[in-house]
Amino acid sequence: MADQQLYPVPAQWAAEAKVDQTGYEAMYAAAGSDPDAFWLDQAKRLQWVRAPTVAGDWSFDEADFGISWFKDGVLNVAANCLDRHLAERGDQVAIIWEPDVPEEEPKRFTYAELHREVCRFANVLKAQGVRKGDRVTIYLPMIPEAAFALLACARIGAIHSVVFGGFSPDALAGRIEDCDSKLVITADCGRRGGKRIALKANVDAAAAQAPSLEKVIVIKATGDDVPMHDRDIWYHQAAESVSTDCPPEPMNAEDPLFILYTSGSTGKPKGVLHTTGGYLLWASYTHDLVFDYRPGNVFWCAADVGWVTGHTYVIYGPLANGATTLMYEGLPNWPDASRIWQVVDRHQVHTVFTAPTALRSLMKEGDAPVKATSRVSLKLLGTVGEPINPEAWRWYHDVVGEGRSPIVDTWWQTETGGALICPLPGATDLKPGSATKPLPGIYPQLVDENGAVLEGAASGNLCITASWPGQMRTVWGDHERFFQTYFTTYPGKYFTGDGCRRDEDGYYWITGRVDDVLNVSGHRMGTAEVESALVLHPKVAEAAVVGMPHDVKGQGIYAYVTLNSGETASDDLAAELRQWVRKEIGPIASPDAIQFAPGLPKTRSGKIMRRILRKIAEGEVESLGDTSTLADPSVVDDLVANRVS
Ligand code: WT7
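What you see is a predicted model, and the numbers here were worked out from it, not measured in a lab. (Residues numbered from 1 in each chain as written. Predicted model: local features only at pLDDT ≥ 70, side-chain atom pairs only at ≥ 80, totals over all residues.)

Draft legend 1. Region of interest: the overall build of the protein. The secondary structure content of the protein amounts to 21 helices and 31 strands. Over its C-alpha atoms the protein spans a radius of gyration of 24 Å, differing by no more than 12% from the 26 Å that the globule rule assigns to 645 residues. Overall size of the protein, expressed as C-alpha extent along the three principal axes, is 75 × 60 × 60 Å. Long-range pairs, those at least 24 residues apart, make up 70% of the contacts in the protein with a sequence separation of at least 6. (Helix = DSSP H or I, 4+ residues; strand = E, 2+ residues; numbered from the N terminus. Rg over C-alpha atoms; globule rule 2.2 N^0.38 Å. Contact = placed C-beta atoms within 7 Å.)

Here it is in structure tokens:
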């Protein structure tokens, strides 16, 4: 059985890692037996203006629901990521920036330089009237200013809300309005894989639908000509007249740090809220343990700062730990399939952390582009975002890592702030495709549909029974939705939305979402969101969206569309609908397959039977199950006959 194939901890890792197997077990036990003492001790990783005297204070029960950590502590995130390192490592490189175009020169910022840039940026924000608690929307490409902007917000206590540059003006407008943000930080254009992304133009289009928006700070990144309106301010001009001295705002541990929108199974995206002390502690704790970070190592998380992975493992975790973090502007496979490994050689990267989808797309190009590079500096490999298939795992391990580097497969979510289930490189024997074991302080539980707890080797729905410092605190503006979404399916537990199997060795194998959330190239997409976008089209009467297997993206988007009477299906219309969804949400939501269907399978009470639609999209037409309860069973024959493959 695949489960039996173990990749033991390499001897050198076992001998030299900060945490070995015994150490992991001791930590796990300590976190369980006296959580307050354990977490107050861990909190010493951070520099506090006032050290906390309480650790977790939380309840997942309806009667006294609430979550807080270190609630009497006072600190500033930017001071933790910058100021406290200045004495010891002011001249050490904090950020290496690798441009999209390989012929261009990389940029490097030492901790002292980064500190100055962040203070400058913070003063620009202050000069525009931004105050503690205000929401600032950040819509930027992967340029150094993105790091400055996040940290500048943190420094003055403003709450940042980063919106991925691939989202459309409509999606951006919705996110600006939802958190009532008055200021957006953007750039003239972004660059990725040799292509331009018209960020400023998108902000202009969003502004028309976002009445809360008052000011736009524009960074000159590409130098493209962009029209400037009354509300627009060039960053480089505003930065000329401000000082580079900006004292960090003392923040309560439970003051909000950021909002990050993510898709759920229903409705519009939720603003996941993370707070100051617990989030930063989780970022620091997990970056240190999971990646065994040592001074001098170059750490490269290849995620965009528009996702939580970019927040936690490009910016906050590494900088809190005084690391050298690499920020990459481009794509893993541009200009060719060797690029990632060329960047590894160029900057002597020690740890690379990327998504299975990127690995699968590179694996398709064969081993030669990898073998054309040295990768001698590479000692640790990480993955995140979706289950990794064992083939991709072995390719990563054997070809990229030449068998010497452990792979840390990190399972977590926007909601969790950082990794929860994953190996420690010096402690955990690996099994390809398994996220292995919970970190110290994490208590996973598998339950069946009725909430009965499953023990031992079992498959079920993954819950977490106790809070951890990095847990989200609320949905922005809708605390009731927070409770309803995560704590009512299985009362008293946090329900992750993931299915999971635990094997006889206690290893966890995430099997994917059990709700109506898709994972497309490691990005979350709600089926309801894509459906809402489709039905906005004047020719569409009804739409149902499900996932389909996709060899690179993991999951693709399969849309069943019923047209208004009188409209005719065509390839042109399918292309138009794809374009429509790109415009409404963004390219990542564009359906991979569109099937025009005269009718959808519904129960007599009018509920769409998604189970059947999923099976058809997956090509499993032989096992559709019982269709007799449908109002009109004959629609299924049409769906099967006209399946798009
Ligand atoms: C969902 C969360 C984790 C940050 C990036 C994505 C899936 C994530 C893994 C993994 C299997 C994974 C889950 C989870 N997922 N990591 N290592 N193995 N599945 O964050 O957009 O909030 O998505 O991604 O289904 O629920 P996100």
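Draft legend 2. Quick peek at the site of the ligand. If you check the shell around the ligand, you find 23 residues, and the closest are Pro387, Gln413, Thr414, Ile510 and Arg524. For the shell around the ligand, the secondary-structure elements that each account for two or more residues are helix 12 (308–320), strand 20 (407–410), strand 25 (494–502) and strand 26 (508–513). When its residues are assigned to classes, the shell around the ligand shows eight nonpolar, 10 polar and five charged. (Near = placed C-beta within 6 Å. Nonpolar A, V, L, I, M, F, W, Y, C, P; charged D, E, K, R; others polar.)

Draft legend 3. Broad picture of unusual backbone geometry. Cis geometry marks the peptide bond from tryptophan 334 to proline 335; its omega dihedral reads 0 degrees. The topology assignment puts proline 335 in the loop between strand 17 (324–328) and helix 13 (339–347). Phi is positive for phenylalanine 70, close to 55 degrees, though the residue is something other than glycine. With respect to the helices and strands, phenylalanine 70 occurs in the loop between strand 2 (66–69) and strand 3 (74–75). Not every positive phi belongs to a glycine, and aspartate 180 is a case in point at roughly 55 degrees. The topology assignment puts aspartate 180 in the loop between helix 8 (169–178) and strand 8 (183–187). Aspartate 180 gets classed as partly exposed once you count the C-beta atoms within 10 Å, which come to 14. (Buried ≥ 20, exposed ≤ 12 C-beta atoms within 10 Å, placed from the backbone.)

Draft legend 4. Seen up close, the sheet that holds strand 19 (residues 380–384). Judged by pairing direction, the sheet is mixed, and its seven strands sit side by side in the order 5-4-17-16-18-19-20 without closing on themselves. Edge positions in the sheet fall to strand 5 (107–110) and strand 20, since each has one partner strand and no second. Across the sheet, the axes of successive neighbouring strands diverge by a mean angle of 20 degrees, strand direction being ignored. One ladder, built from four bridges, connects strand 18 (residues 351–354) with strand 19; its direction is parallel. The residue bridging threonine 354 from the neighbouring strand is threonine 383, located in strand 19. Contacts between helix 6 (residues 111–127) and the sheet are confined to strand 4 (93–98) and strand 5, with strand 5 contributing the most and set at about 90 degrees to the helix. (Pairing = 2+ DSSP bridges. Axes fitted to C-alpha atoms, helices over the stretch in contact; angles between N-to-C directions.)

Draft legend 5. Seen up close, the nonpolar core. Among the nonpolar cores identified, the biggest contains 201 residues, and Val118, Ala149, Leu151, Ala152 and Ala559 are the most heavily contacted of them. Those residues in contact with alanine 149 that lie beyond four places of it in its chain are Phe121, Ile138, Leu140 and Ile185. (Core = buried A, V, L, I, M, F, W, Y, C linked by C-beta atoms within 7 Å.)

Draft legend 6. A look at the environment of phenylalanine 482. Within the element layout of this structure, phenylalanine 482 appears in helix 17 (residues 479–487). Among the residues examined, phenylalanine 482 registers 21 C-beta atoms within 10 Å and is labelled buried. The spacing of phenylalanine 482 and methionine 472 is 10 residues in sequence and 9.2 Å in space, taken between C-alpha atoms. Ignoring anything within four residues of it in the chain, the contact list for phenylalanine 482 reads Thr474 and Val475.

Draft legend 7. Inspection of helix 7 (residues 144–156) at higher detail. The terminal C-alpha atoms of helix 7, which comprises 13 residues, lie 19 Å apart, in line with the 18 Å expected from a rise of 1.5 Å per residue. Among the 13 residues of helix 7, 13 are classified as buried, and the element is accordingly described as predominantly covered. Of the residues trailing helix 7, glycine 157 is marked for its positive phi of about 80 degrees. (Expected span 1.5 Å × (residues − 1).)

Draft legend 8. Geometry of the UniProt feature "domain: AMP-dependent synthetase/ligase" (unreviewed entry) in the protein. Mapped onto this numbering, the UniProt entry gives "domain: AMP-dependent synthetase/ligase" (unreviewed entry) at residues 83–466. Secondary structure across residues 83–466 divides into 31% helix and 23% strand, with the first and last C-alpha atoms of the span separated by 33 Å. (UniProt positions renumbered as here; feature names shortened; annotations may be inferred.)

Draft legend 9. Spotlight on the sheet that holds strand 26. Taken in spatial order, the five strands of this open sheet run 22-21-23-25-26, and their pairing is antiparallel. With partners counted over all chains shown, the strands left at the sheet margins are strand 22 (453–454) and strand 26, one partner each. Taken together, the four bridges between strand 21 (residues 444–447) and strand 23 (residues 458–464) define a ladder with antiparallel strand orientation. Its bridge partner lying in strand 23, proline 444 is registered against isoleucine 464.

Draft legend 10. View of the environment of serine 338. As for its position among the elements, serine 338 is in the loop between strand 17 and helix 13. Separated by 283 residues in sequence, serine 338 and valine 621 have C-alpha atoms that sit 40 Å apart. Apart from residues lying up to four places away in sequence, serine 338 is in contact with Pro369, Ala372 and Thr373.

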